[in-house]
Amino acid sequence: MKKLLLIAAVLLYVSTNAQFFQRNYGIPNDHDQLTHGFNTNVLGFGHFMVGNSLTSSGTMPLTAVRTDVNGAPFFAPNFANNYLIDDGSFNLLAGRARSFEIPGATGFGIVVEVSGNTNGLAYLNLSPTGIPTFIALHAPTTAGQTALIAHVVVNDLTNMDAIVVGTIIDNSFTPAQEYPFAYSFNIATGAINWSTYYDHATGFTPAINVRAHDCALLPASGWLGVVGKSTAPGFTIGDDGFYMLLDITTGGWLGPSLIYDWGFNEDLKAIHFSTATGLFATCGNFDFFGQRDVLTMLIIPPPAPPVWGTVMQYNNTLGNPTNVEPSDVYTRTNSTGVPEFYVAGTATDGNMLRTDAMVYKLDVNLNPVGQFTYGNPFPGVGVDLDGYDGTGSDGLSTFANLTPTAMSTNMDFHHVKSYFNGQSGCNEDLQLPILQLIPPPFFIPVPTNPIPNVIAVGGSLNVTPTPFPTVVPMCFNTSIPGGSNAKVAPLEEKADREAKMSPNPVPQGASALLLEVNTEVPVDVEVAIYDMLGKQYYSGMQHLSSGDNRLPINISGINMAQGTYIVKITGVDFNKNLTLLVK
């Protein structure tokens, strides 16, 4: 009977065209921690997840799961395996892992932290069906240093190399000193091309600790944006956001590293290049008087002030104060041709009652459009975002971890495939987050001393794959009433936030714009127009009376070229960003 039930379950996966689901992947009594997930493209539509498993036998192997577009790992080329790594003498513990599709559809690359008798980063090359091709050790060249991975990307100029970004922790200092690092290696052989860490401490007063959290390529440019957290006691207050730009060909440092400081505790957790804006989108923490909220910013590729930023506060309908820890940012051009942004993270004491995976959705002006919380009455953690857009498999993938039952303290890999308006079919709460008004940050250039040859190929490693068998569908749908992959119109905000402008688009050389603004109380505001590089083209003061206001704005003679601009309307307790197109 059990065999017949298994066959029926497998047939369910292959006989349906469902694209919206929630699934758990794990082994009973093992703690399975997902650390990276993405949608596959080179190897066909599907999903790939990596992490580690603390097994009941005490080992901690690397875990990798490849599924089809419906989340099913059954049948080749899909697979679900644990990979136990050893150095010939002892089993090693797998930590955080990041992964990528190998160009040419030859398989997957995984870079994972390993510790125990041997420490460093292991690079595992897998075939498309999950068979190990080879494994190499990349380790710091200086004794007492530990390497932590932030992310890995494929060099789009060569398609033969990958770049790893992370943090070197130097334990010879008390307290330990942290440096962001990057290195390039050959995907086919594991050989290292170059390696550098970027010292913001030695010889600088004050010494600045920097931890790298994420990186993203500026396509076809040879540039790599890196974000993270800086700590400079006596220089700024608390932790601050950090950003720098690197040359992927040489590891060279391209100009000043920047600290972003609002006077609270902040950091930048993730970065993604937005093709529609030509900017890096970032997300991070903003510790607003003890509550952890989500900061989103758009940064131009050369290190410079952010174009603008907003802070989202979790909308807790139960009245509980909720902290949010962001983990990833994703952008797409929606069906109206303008960009929109998604931020994944973890909400503590949220609307699903425990720690849960959650997603904020923002419009082109970084105004809130949606808040999606996924989970059950047991703890969960949001990790990564990816999406298919303009295909037959459109939707948003939220990769997470979830505790499956009240009887378990262990987590499983968790994957939510939803519409872009958040609808997945089960275990969800959909709200609108709260927009917080913040002033621009202080941005502080800091000197950087690049140190070369800090990572080298280490001793030999071995890897043993074993099946990772359990998949639990939580819900599974071909379509959901109310689900939409089109732009979701923002919910009506308070009247004192309403504004629109005409004409839009405006012809190049036009002499005037008309702003229509409604406010509940009189307020003086500044109206300013900026291009996407932050250059100001217009600034003027206006008085808003309570009710509807029609404000003609004289733009004659300011010579705006064709393109996209931001109109900012700011005053006391009033802040609105509008997008202006010049044709």
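Calculation notes
Residues numbered from 1 in each chain as written. Predicted model: local features only at pLDDT ≥ 70, side-chain atom pairs only at ≥ 80, totals over all residues. Heavy atoms only, no water. Phe/Tyr/Trp six-rings, centres within 6.5 Å; stacked < 30°, edge-to-face > 60°. Helix = DSSP H or I, 4+ residues; strand = E, 2+ residues; numbered from the N terminus. Buried < 20%, exposed > 50% of the residue type's maximum accessible area, 1.4 Å probe, protein only. Pairing = 2+ DSSP bridges. Axes fitted to C-alpha atoms, helices over the stretch in contact; angles between N-to-C directions. 1 Å grid on protein atoms, 1.4 Å probe; cavity = no way out; pocket = protein on both sides within 12 Å on 5 of 7 lines; lining within 4 Å. Points joined across faces, edges and corners; volume = space filled by probe spheres on them. Nonpolar A, V, L, I, M, F, W, Y, C, P; charged D, E, K, R; others polar. pLDDT = per-residue confidence, 0-100. Contact = heavy atoms within 4.5 Å. Disulfide = S-S within 2.5 Å.

**Regarding the packing of aromatic side chains**
Here is step 1: All chains considered together, the criterion is met by 19 aromatic pairs.
Here is step 2: Seen in terms of ring centroids, Phe20 and Tyr419 are 3.8 Å apart; in terms of plane orientation they differ by 15°. Their pairing is stacked. Here Tyr419 lies in the loop between β28 (412-418) and β29 (428-431) and Phe20 lies in strand β1 (residues 20-25), a separation of 399 residues in the sequence. You'll find Phe20 and Tyr419 in the same group, each marked buried.
Here is step 3: Taking the centre distance of 6.3 Å and the plane angle of 70° together, the rings of Phe79 and Phe108 count as edge-to-face. Highlighted residues: Phe79 in strand β5 (residues 79-86) and Phe108 in strand β7 (residues 107-115), separated in sequence by 29 residues.
Here is step 4: When its relative accessible area of 5% is taken as the criterion, Phe79 is described as buried.
Here is step 5: Ring pairing ties together the aromatic residues Phe100, Tyr123, Phe134, Phe181, Tyr183 and Phe185, which thus form one cluster.

**Re unusual backbone geometry**
In most cases, non-glycine residues show a negative phi, while peptide bonds are predominantly trans.
Here is step 1: Of note, the amide linkage connecting Ala76 to Pro77 takes the cis form, showing an omega dihedral of 10°.
Here is step 2: Tracing the backbone through its elements, the reader meets Pro77 in the loop between β4 (62-67) and β5.
Here is step 3: Omega for the peptide link from Ser502 to Pro503 comes to -10°, which places this bond in the cis form.
Here is step 4: With respect to the element layout, Pro503 can be found in the loop between β36 (499-502) and β37 (512-519).
Here is step 5: At Phe75, a residue that is not glycine, the phi angle is positive and equals roughly 70°.
Here is step 6: In this fold, Phe75 is placed in the loop between β4 and β5.
Here is step 7: Classification of Phe75 by relative accessible area gives exposed; the value is 52%.
Here is step 8: Although it is not a glycine, Leu353 adopts a positive phi angle of roughly 85°.
Here is step 9: Along the chain, the position of Leu353 falls in the loop between β23 (339-348) and β24 (356-362).

**Description of the sheet that holds strand β39 (residues 536-544)**
Here is step 1: Strand order in this open sheet of four strands is β39-β38-β41-β42, and the pairing throughout is antiparallel. Lying at the two open borders of the sheet, with one neighbouring strand each, are β39 and β42 (574-582). Each neighbouring strand pair of the sheet contributes to a mean axis angle of 20°, computed without reference to strand direction.
Here is step 2: With seven bridges joining them, strand β38 (residues 523-531) and strand β41 (residues 563-571) adopt antiparallel strand pairing. Residue pairing for β41: Ala528 is matched across the bridge by Lys568.

**Considerations on empty space enclosed by the protein**
Here is step 1: What the rule picks out here adds up to one cavity of 30 Å³ or more.
Here is step 2: In this model, the largest cavity occupies a volume close to 30 Å³.
Here is step 3: For the lining of the largest cavity, the per-class residue count stands at seven nonpolar, two polar and no charged.

**Brief notes about the pairing of β7**
Here is step 1: Of all nine residues in β7, eight are buried; the element is thus mostly enclosed.
Here is step 2: In this structure, strand β6 (residues 93-102) lies alongside β7, joined through eight bridges in antiparallel fashion. Of the residues in β7, the one forming a bridge with Ser99 is Ile110.
Here is step 3: Sheet analysis places β7 next to strand β8 (residues 120-126), joined by seven bridges and oriented antiparallel. Looking at β8, one finds that Glu113 is bridged to Leu121.
Here is step 4: Taken together, β7 and the strand that follows it, β8, pair antiparallel across an intervening segment of four residues, in which Gly116 is found at a positive phi of about 130°.

**Notes on the layout of surface pockets**
Here is step 1: In this model, the largest pocket occupies a volume close to 1,200 Å³.
Here is step 2: Forming the boundary of the largest pocket are 42 residues, of which Asn41, His151, Val153, His272 and Asp386 lie nearest the centre.
Here is step 3: Taken together, the elements giving at least two residues each to the lining of the largest pocket come down to β2 (31-40), β6, β10 (145-154), β14 (209-218), β18 (265-274), β22 (323-333) and β26 (380-388).
Here is step 4: When residues of the lining of the largest pocket are assigned to their parent elements, the largest contribution, six residues, is made by β22.

**A closer look at the confidence of the model for the chain**
Here is step 1: With 91% of its residues at a pLDDT of 70 or more, the chain has an overall mean of 87.
Here is step 2: Confidence drops under a pLDDT of 50 for residues 1-16, and excluding neighbours within four residues, the segment shows 11 contacts in the predicted structure.
Here is step 3: Segment residues 488-497: pLDDT under 50, and 23 contacts once partners within four positions in sequence are set aside and those in other chains are kept.

**Focus: the state of the cysteines**
Here is step 1: Here the structure, examined in full by the defined rule, presents one disulfide.
Here is step 2: Across a sulfur-sulfur distance of 2.1 Å, Cys426 and Cys475 are joined as a disulfide pair. Between Cys426 and Cys475, the S-S torsion sits near -70°, and that sign places the bridge as left-handed. Residue Cys426 is found in the loop between β28 and β29, and its partner Cys475 is found in strand β35 (residues 471-477); the two are separated by 49 residues along the sequence.
Here is step 3: Judged by relative accessible area, Cys475 falls into the buried class, the value being 12%.
Here is step 4: A disulfide-free cysteine, Cys215 has its sulfur positioned 14 Å from the sulfur of Cys283, the nearest such atom.
Here is step 5: Accessibility expressed as a relative area gives 2% for Cys215, which makes it buried.
Here is step 6: The class of Cys283 is buried, set by a relative accessible area of 0%.

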